[in-house]
Amino acid sequence: MRSPVEKSVLPNGVTVLTQPMDDRHTVSLGIWADTGRSHEDERIVGVAHFVEHLLFKGTPRRSARQIAEEIERRGGTIDAFTDKETTCYHARVLAGEADSALDVLSDLVLHAEPREEDLELEREVIIQEILDVEDDPEEYSLDYLLECYWPGHRLGWPVAGSVASVERIQRDDILAFLRDFRRPGRLVVSAAGPVDHDHLVGRCREIFGSLEAVEDPPRVVDRPDFRPGLYVVRREIEQAHLTLGMPGLSLLDPRREAGEVLLAALGFVIMVALDRRGARKGVLSASVAMGYATLRFPLDFLRATDLGAESDRRYASLTPAQWSCIALFALGAWALAHHLRRPSTPE
């Protein structure tokens, strides 16, 4: 039985969460900010992801190389990610090295000041990432699904932005985003593993306690409307990529874990059905994945590759095997909705 999650909030609003797991030999730490893709201005879509790249270029105390070395020489890893609603800088280290990892992560989050030369270098890197996604039909299909599912809404915009929006981002935009990012009321420090909650709270008080508490005006959270439909992008390639989305469960819904189990079961059933159909017809097997978007607003999706495609065939339209997949997913979606839309009952 896992220990319950412990929570403390510093006087300035920084939240500290821990889950003690004394049987583990490593500690995972993260510094999260309630600032992601859905909090950006349309003019500079992708600025949160841009900042993620820039903070690893160094701080007044550490160079980019020293940031990596301080974690890796302790047998650990360090990374970051930006999603639709949050940004996270995280590390995993051996037990007993949590203080060192927190020192490095907090240095990045609180003290990194991007230089102009780094800005131009990372701009080119990010633009290449955007072009790589557009050239990868499997990845692009999910971005395209979100764009069509939530048309015109921030959640439908790609996390990395567009080439045009990334080219518009200037250093002043980066610094303005960092001022917003570093508001103590929007920061969460989390740790899981053999950690002592009170000790971590004390360390966070030393590191983050000097941040001045500021009034954080409530954000306008506009619930996006989804637009059902069939949207097709035709390309001269040898595979077909099909991604389907439907309303699901919010990240905040207490039934989310049950929904994850049901989605995994449905994904397995669909994968087996497609494999059998492909074997009978002598076509390539499908690669199928089901998942959910970890957002306050619910979305479940299915992504399938090589649907009914022969290795040397190019597509002009959807094939019968693809429509079979749609029918199977629709059946699974109905079962999921029927089960999960029942009112949850408190234990």
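Residues numbered from 1 in each chain as written. Predicted model: local features only at pLDDT ≥ 70, side-chain atom pairs only at ≥ 80, totals over all residues. Heavy atoms only, no water.

## What to know about the overall build of the chain
Convention followed: In this text, helices come from DSSP runs of H or I with a minimum length of four residues, and strands from runs of E with a minimum of two, each type numbered from the N-terminal end. Residue contacts are defined here by distance: any two heavy atoms, one from each residue, within 4.5 Å place the two residues in contact. In short, Shrake-Rupley with a 1.4 Å probe defines the accessible areas, and a residue's cover is counted only from the protein chains shown.
Scanning the chain for helices and strands turns up 10 helices and nine strands. For the chain, long-range pairs separated by at least 24 residues make up 78% of all intrachain contacts whose partners lie at least 6 apart in sequence. Of the roughly 18400 Å² of accessible surface on the chain, 53% is carried by carbon and sulfur atoms.

## Some details on the packing of helix 2 (residues 64–72) against helix 3 (residues 98–111)
This is how it is decided: Fitted lines through C-alpha atoms serve as axes, helices being fitted only where they are in contact, and the angles separating the N-to-C directions of these axes extend from 0 to 180 degrees. Any angle that is under 35 degrees is reported as roughly parallel, and any over 145 degrees as roughly antiparallel; angles of 65 to 115 degrees are reported as roughly perpendicular and all others as oblique. The hand of a helix crossing depends on one turn: near helix anticlockwise from the far one by less than a right angle means left-handed, and clockwise means right-handed. Ten residues, namely Ala, Val, Leu, Ile, Met, Phe, Trp, Tyr, Cys and Pro, are considered nonpolar, four, namely Asp, Glu, Lys and Arg, are considered charged, and the remaining ones, Gly among them, are considered polar.
Where helix 2 contacts helix 3, the axes come no closer than 10 Å and their chain directions differ by 160°. Regarding the angle of helix 2 to helix 3, the classification is roughly antiparallel. Here the hand of the crossing between helix 2 and helix 3 comes out left-handed. Of helix 3, the residues touching helix 2 (which contributes Ile67, Glu70 and Ile71) are Ala101, Val104 and Leu108. Partitioned by chemical class, the residues of the contact of helix 2 with helix 3 number five nonpolar, no polar and one charged.

## Re the packing of aromatic side chains
For clarity, the cut-off: Stacked, edge-to-face and tilted labels apply to pairs of Phe, Tyr and Trp rings (six-membered ring for Trp) whose centres lie within 6.5 Å, assigned for plane angles under 30 degrees, over 60, and everything in between, in that order. Accessibility here uses a 1.4 Å probe with only protein chains present; expressed as a share of the type maximum, an area under 20% marks a residue as buried, one over 50% as exposed, and anything in between as partly exposed.
Applying the stated criterion across every chain, the model contains six aromatic pairs. Aromatic side chains Trp32 and Phe81 sit 5.6 Å apart centroid to centroid with 80° between the ring planes, which places their arrangement in the edge-to-face category. Taken together, the residues span a long stretch of sequence, with Trp32 in strand 3 (residues 26–33) and Phe81 in strand 4 (residues 77–82) at a distance of 49 residues. On the basis of relative accessibility, which here comes to 31%, the residue Trp32 falls in the partly exposed class. Ring centres 5.2 Å apart and planes at 80° place the aromatic pair Tyr149 and Trp150 in the edge-to-face group.

## Comments concerning the sheet that holds strand 6 (residues 187–193)
Counted only if it meets this: DSSP calls a pair of strands paired once it identifies at least 2 bridges connecting them.
Spatially, six strands are ordered 1-2-6-3-5-4 in an open sheet, and the strand pairing comes out mixed. Strands with a single pairing partner mark the edges of an open sheet, and in this sheet they are strand 1 (6–9) and strand 4. Shown here is a sheet whose adjacent strand axes are inclined to one another by a mean of 15°, direction ignored. For strand 3 and strand 5 (residues 87–94), the ladder comprises eight bridges, and the chain directions are antiparallel. Note that in strand 5 the partner of Ser28 across the bridge is Arg92. The strands touched by helix 3 are strand 3, strand 4, strand 5 and strand 6; relative to strand 3, the strand with the most contacts, the crossing angle is about 20°.

## So, the environment of Ala192
When you line up the elements, Ala192 lands in strand 6. Once the C-alpha coordinates of Ala192 and Val27 are considered, the two residues, 165 residues apart in sequence, prove to be 5.8 Å apart. Every residue in contact with Ala192, bar those within four places of it in the chain, is listed here: Gln19, Met21, Thr26, Val27 and Ser28.

## Digging into the pairing of strand 3
Judged from the six bridges that link them, strand 3 and strand 6 form a sheet pairing that is antiparallel. Within strand 6, the position partnered with Ile31 by the bridge is Val189.

## Side note on helix 1 (residues 47–55)
Counted residue by residue, helix 1 has nine buried out of nine residues, so it is predominantly covered. Every buried residue of helix 1 is accounted for by Val47, Ala48, His49, Phe50, Val51, Glu52, His53, Leu54 and Leu55.

## Thoughts on the packing of helix 1 against helix 7 (residues 171–181)
The N-to-C vectors of helix 1 and helix 7 enclose an angle of 90°; their axes lie 10 Å apart at closest approach. Judged by the angle between their axes, helix 1 and helix 7 are roughly perpendicular. Of helix 7, the residues touching helix 1 (which contributes Val47, Ala48, Phe50, Val51, Leu54 and Leu55) are Asp173, Ile174, Phe177 and Leu178. Of the residues assigned to the contact of helix 1 with helix 7, the class counts are nine nonpolar, no polar and one charged.

## Here we look at the pairing of strand 4
Across the two faces of strand 4 the burial differs, with Ile78, Ala80 and Thr82 buried and Thr77, Asp79 and Phe81 not buried at all. As paired strands, strand 4 and strand 5 are joined by six bridges and run antiparallel to one another. Its bridge partner being in strand 5, Thr82 is matched across the sheet by Thr87.

## Quick look at the nonpolar core
Under the convention used in this document: Residues belong to one nonpolar core when they are buried, are Ala, Val, Leu, Ile, Met, Phe, Trp, Tyr or Cys, and are joined through side-chain atoms within 4.5 Å.
Core analysis: the biggest nonpolar cluster contains 52 residues, and Leu29, Ile174 and Phe208 have the highest contact counts within it. Per element, the largest residue contribution to this core is eight residues, and it comes from helix 3. For Phe208, the contacting residues outside a window of four places in its chain are Leu10, Asn12, Val14, Ile31, Ser106, Leu110, Leu187 and Val189.

## Some remarks on the environment of Thr86
Here Thr86 is to be found in the loop between strand 4 and strand 5. By relative accessible area, Thr86 is classed as buried at 17%. Taking the C-alpha atoms as reference points, Thr86 and Asp34, 52 residues apart in sequence, are found 4.9 Å from one another.

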